[in-house]
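# Structural features, examined
Given next are the chains, with one letter for each unit.
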Amino acid sequence: MTATTEATAGGAAARFVRRVDLAVIRDYGVVVAFVALFITLSLSSNVFFTWGNMKNLAFQTAPVGIIAVGGTLVFIGGGFDLSVGAISGFAGIMAAKIFTGTGIGLWGSLILGALVGLGFGLGNGLLITLGRVNAFIATLATSIIINGLGQVVTSGNLVSVSADRFTTLGLGTAWGINYPVFVWFGFAGICGFLLSRTAFGRYVYAAGGNAEAARLSGVRVNVVRAVTFCISGLAAGIAGVILVSEVQTAQWNANTGIEFDAITAIVLGGTSLLGGEGAIWRSVLGAFFLQMIGNGFNLLGTTPELQYVIKGLILAGAVSLDAWARRRRA
Amino acid sequence: MTDVLLQLKNITKEFGGNRVLKDVSLSLRRGTIHAIVGENGAGKSTLGKILAGVHRPDEGELWVEGRRVGYRSPRDALRDGITIITQEPTLVPHRSVQENVFLAVEQGTAGVLDARRTARRFAALVEATGIELPGRRLARTLRVADQQKVEILRAIARDAKLFVMDEPTSALTTDEATRLFELIRRLRDRGATVVYVSHFLPEVLSLADAVTVLRDGRLVRTAPTQEETPERLVSAMLGRSLDLAFPVKVPAPADAPVVLSVRGLSRPPAVQDVSFDLRAGEIVGLAGLIGSGRSEVARTIFGADRAAAGVIELDGRPISPRSPRAAIRSGIAMLPEDRKRQGLLMLRSVVDNVTLPHLDQVSAAGVLSTRAERRRTSELIARLDVRTRSNGALVNTLSGGNQQKVLFAKWLFRRPRVFIADEPTRGVDVGAKRAIYELIESLAAEGLAVLLISSEHEEVLGLAHRILVMRGGRIVAEFDEQTMSEDAVLHAAFATAGERVA
């Protein structure tokens, strides 16, 4: 009997140590990985840690970063959003069409374009809560629909905007930094505030962490979830108008795949796929990290194709780590 | 002693510091039906699960046919021919009956199944056992009674010698139960051994060869069924030896105003035509067996489930809570029965949990005042004596008793008019129990109307000023201070009058 008891105690101690390690790695893994990669790249390339490259890095990350910020709210609330790529493409089309086709002006058309994203987000939210469709399937379905709508309104063609003024948002700068970077950080700041300092943010964590307990505490879980999808749609809309403003052309499938970059950034940051946990700063860091891998491959001149293999492996590793940490804690 | 199939020696089992079984020793004779009876929480289901390898005992030994065994999983136990059939059948719903029966013991050629051979095997099994089942029907289309039969067939297909049945009739009609009993007798006559866990005493007496009574995790006695009567069994289950002192009851004055009035509340099948009043300062206990509809009454009043019929009045005004949110706003609080699944956000802090239903009181224009949250939480935590490092600690780092106190703090943040406590001391150690009893008593003394639901009858007896006993979704008995006794409550709850004698 005593032997068994001792063995159990020893086992428990060992488990405790492992659990702490895993939990710490999981919680701060993105910081460690980010810093490690940052230092490595700074040492191995004399171009990496320069003001110009840093600015460029942030500029390139901004659209994915904005979508990842919105998606983080959805993830924490227990949802999943696959439709952000399609939404951002459609928002870009609308901004370009409104700008060329009406007299609303530059900012008016950009804002309307972004609001189209919000509208699609609301549609997702209603489909998932009132329609009771699984979030994965619902946003897959809406992304097919939105891509279809994009083809219908453009007849499958490129929409070009000839006025150079249109690039103000995408390419304009202040203090040498491109506007999209300000938009990204501003949006992240607002969402971070919402999440950590408001009642709504608490409800998001509660809805994703334990929907039944949240409901029995008086939280309107469906409303909260629907709002997270609205914010994600808005984020996709903003990213879409930024992208279209950078290149002056819009196409229904221009941003295909950006949703996966955003999801990868969120997960690498350490926000859980299972809901109830996570933070905005994590996804900001995750997006940076992802972009840095690509940036590093370019600077070091190694086989650029290999970066996808590396990104995929890192993603799989991060999710596996999350699962192990959760299991130990359970 | 060759006829002893299985022996338990000094089995002890704890769950999170709670001793569910204490030093239980038992012999099961081959070819008999052995019943295990006891109150809710007496440990009978745990005992059944230990036999079948679902749980491992903390101490003690398990001997099967003279061999000591240490099962790590139901799979291990199955290798010795031991199988468990639970209240909820565990079938693969979208596959056919015969596929379910032969699941993981398929006979095929190089992994390729021959449908005709499977059908022949199934027919042979049906003939040998006399259990009639449509082999090609999908499992999910069967009624619960038939699903149980599939489980039994599945066990026989694996050459099971010992069948542990945990409350097998709880979801069956009287007719189906009768047929199940015939089947159980037939299993015994084929030489199988059946462990029958139940709290339906008439069933047990008509079916079993021997009866073991558990009380508070201890074995009271094992005796041949002929020596037992319902009265003897109930009195053996009574008088749990808990060293619990209850606070002195301070009954509400007779003219205290009625706070909550429920008339004809129904949500079939769990709640049928329930009516009662709750006065200010009164603790009313809702007693009954698990599944008698107690929690469902609470959930319906709280708006967590929608009522099909009935009127609920709060302070004389009719309310129709469509959601917990509406119920909370009108002044009803409910401590749910399962604190991990329904009560707490285990991965959030004490503060986050306590303030969740009341964020409007600690925020301005939706922006939280962290300072106000912490201050109010600290006050409550101090009052309820929650032992925690800080109120920013994650709830899952606290002990069960402290988690439960956090739940109380959550519902006392905004003073409710009606406080419903569903299993307020489940999974809580004795010290914390005592503190929770005093808390409940003090809430009533402050004028709250308290509805107390507990599976531990002595808890209801020790705290409640009035007791309503539920059975089959209805209130079947009411006792006041003068008439309440454990004996009376248990008899009402168990229906010893015998409604389901086979």
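Since the structure is predicted, the reported quantities are computational estimates derived from the model, not experimental observations. (Residues numbered from 1 in each chain as written. Chains lettered and ligands numbered in written order. Predicted model: local features only at pLDDT ≥ 70, side-chain atom pairs only at ≥ 80, totals over all residues.)

Moving on, we come to the overall build of chain A. Scanning chain A from terminus to terminus reveals 13 helices and 4 strands. Over its C-alpha trace chain A gives a radius of gyration of 21 Å, about what one expects of a compact globule, namely 20 Å for 330 residues. Reported as C-alpha extents along the three principal axes, the dimensions of chain A are approximately 85 × 55 × 35 Å. Restricting the contact set of chain A to residue pairs at least 6 apart, pairs at least 24 apart contribute 78%. (Helix = DSSP H or I, 4+ residues; strand = E, 2+ residues; numbered from the N terminus. Rg over C-alpha atoms; globule rule 2.2 N^0.38 Å. Contact = placed C-beta atoms within 7 Å.)

This paragraph deals with the overall build of chain B. Counting secondary structure elements, chain B contains 17 helices and 24 strands. Relative to the 2.2 N^0.38 estimate, which gives 23 Å for 502 residues, the radius of gyration of chain B is 25 Å and therefore close to what a compact globule would have. With respect to the principal axes defined by its C-alpha atoms, chain B has extents near 70 × 50 × 45 Å. Expressed as a percentage of the 502 residues in chain B, the buried residues total 46%. Here the contacts in chain B between residues at least 6 apart in sequence split such that 69% fall between residues at least 24 apart. (Buried ≥ 20, exposed ≤ 12 C-beta atoms within 10 Å, placed from the backbone.)

All names here are of chain B. Spatial strand order, S18-S21-S22-S15-S23-S24: 6 strands in an open sheet with mixed pairing. Since the sheet does not close on itself, it has two edges, and those belong to strand S18 (332–335) and strand S24 (474–480), each with one partner. Neighbour-to-neighbour, the strand axes of the sheet open up by a mean angle of 20°, direction not taken into account. Direction of pairing for S18 relative to strand S21 (residues 418–422): parallel, over a ladder of 4 bridges. From the neighbouring strand, Ala333 faces S21, where its bridge partner is Phe419. (Pairing = 2+ DSSP bridges. Axes fitted to C-alpha atoms, helices over the stretch in contact; angles between N-to-C directions.)

Bringing the environment of Ile111 of chain A into the picture now. With respect to the helices, strands and loops of the structure, Ile111 of chain A is situated in helix H4 (residues 106–129). Along the backbone, Ile111 of chain A and Ala91 of chain A are 20 residues apart, and their C-alpha atoms lie at a distance of 9.6 Å.

Our focus in this paragraph is the interface of chain B and chain A. Across the contact, 22 residues belong to chain B and 20 residues belong to chain A. Classifying every residue of the side of chain B that touches chain A by side-chain character gives 13 nonpolar, 4 polar and 5 charged. (Nonpolar A, V, L, I, M, F, W, Y, C, P; charged D, E, K, R; others polar.)

Here we take up the domain arrangement of chain B. Domain assignment breaks chain B into domain 1 (4–237) and domain 2 (258–494). Just the C-alpha atoms count here: the centres of domain 1 of chain B and domain 2 of chain B sit 35 Å apart. (Domains from an automatic or database assignment.)

Here the focus is the environment of Leu112 of chain A. Residues and elements named next belong to chain A. Looking at where Leu112 falls in the secondary structure, it is placed in helix H4. The spacing of Leu112 and Ala91 is 21 residues in sequence and 8.3 Å in space, taken between C-alpha atoms. Beyond its immediate stretch of four places on either side in the chain, Leu112 contacts Met94, Ala95, Ile98 and Ile104.

Right, let's get into the sheet that holds strand S14 (residues 271–279) of chain B. Residue and element names in this part refer to chain B. With antiparallel pairing, the 4 strands of this open sheet are ordered in space as S14-S13-S16-S17. The open sheet is flanked by S14 and strand S17 (317–319), the only strands paired with a single partner. The sheet shows a mean angle of 20° between the axes of neighbouring strands, direction not considered. The pairing of strand S13 (residues 258–267) with S14 spans 6 bridges and is antiparallel. Note that in S14 the partner of Ser261 across the bridge is Asp277. Of the strands in this sheet, S13, S14 and strand S16 (309–314) are in contact with helix H9 (residues 294–301), which crosses S13 at around 115°.

This brings us to the pairing of S24 of chain B. Looking at chain direction, strand S23 (residues 466–471) of chain B and S24 of chain B are connected through 6 bridges and run antiparallel. Residue pairing in the sheet places Ile467 of chain B in a bridge with Phe479 of chain B of S24 of chain B.

What follows deals with the packing of helix H3 (residues 84–101) of chain A against helix H10 (residues 221–247) of chain A. Two quantities define a packed helix pair, namely the angle between the helix axes and the distance between the axes. Residues and elements named next belong to chain A. Contact geometry of H3 with H10 gives a least axis separation of 7 Å together with a crossing angle of 55°. Viewed along their axes, H3 and H10 adopt a mutual orientation that is oblique. Note on packing geometry: the crossing formed by H3 with H10 is right-handed. Across from Val84, Ile87, Ser88, Gly89, Ala91, Gly92, Ala95 and Ala96 in H3, the residues of H10 making contact are Ser232, Gly233, Ala236, Gly237, Ala239, Gly240, Val241, Leu243 and Val244. Its residues placed into classes, the contact of H3 with H10 shows 10 nonpolar, 7 polar and no charged. (Parallel < 35°, antiparallel > 145°, perpendicular 65-115°, else oblique. Left-handed = near helix turned anticlockwise from the far one by under 90°.)

Looking now at the packing of H4 of chain A against H10 of chain A. Residues and elements named next belong to chain A. Interaxial distance between H4 and H10 falls to 6 Å at its minimum, and their mutual angle equals 150°. Accordingly, the angle class assigned to the pair H4 and H10 is roughly antiparallel. Crossing hand, H4 versus H10: right-handed. In the contact of H4 with H10, the residues fall into 18 nonpolar, 12 polar and 1 charged.

Here we take up the confidence of the model for chain B. Per-residue pLDDT for chain B averages 86, and the proportion of residues at 70 or more is 94%. This model gives residues 497–502 of chain B a pLDDT under 50, and the stretch forms 14 contacts once residues within four places in sequence are excluded. (pLDDT = per-residue confidence, 0-100.)

Right, let's get into unusual backbone geometry. Residue Pro269 of chain B follows Pro268 of chain B across a cis peptide bond; omega there is 0°. Mapping Pro269 of chain B onto the fold places it in the loop between S13 and S14. For Arg132 of chain A, which is not glycine, the phi dihedral falls at a positive 55°. Secondary-structure assignment places Arg132 of chain A in the loop between H4 and helix H5 (135–154). The backbone of Glu65 of chain B sits at a positive phi, close to 50°, despite the residue not being glycine. With respect to the element layout, Glu65 of chain B can be found in the loop between strand S4 (59–64) and strand S5 (67–69).

Between its first and last C-alpha, H3 of chain A extends 25 Å over 18 residues, near the 26 Å set by a 1.5 Å rise per residue. In terms of burial, H3 of chain A is largely enclosed, as 14 of its 18 residues are buried. (Expected span 1.5 Å × (residues − 1).)

Now for the nonpolar core. In this structure, Ile420, Val450 and Leu452 of chain B are the most contacted members of the largest nonpolar core, which totals 234 residues. Ranked by residues supplied to this core, first place goes to H10 of chain A with 16 residues. Per-domain counts for this core show at least three residues from each of domain 1 (4–237) and domain 2 (258–494) of chain B. (Core = buried A, V, L, I, M, F, W, Y, C linked by C-beta atoms within 7 Å.)

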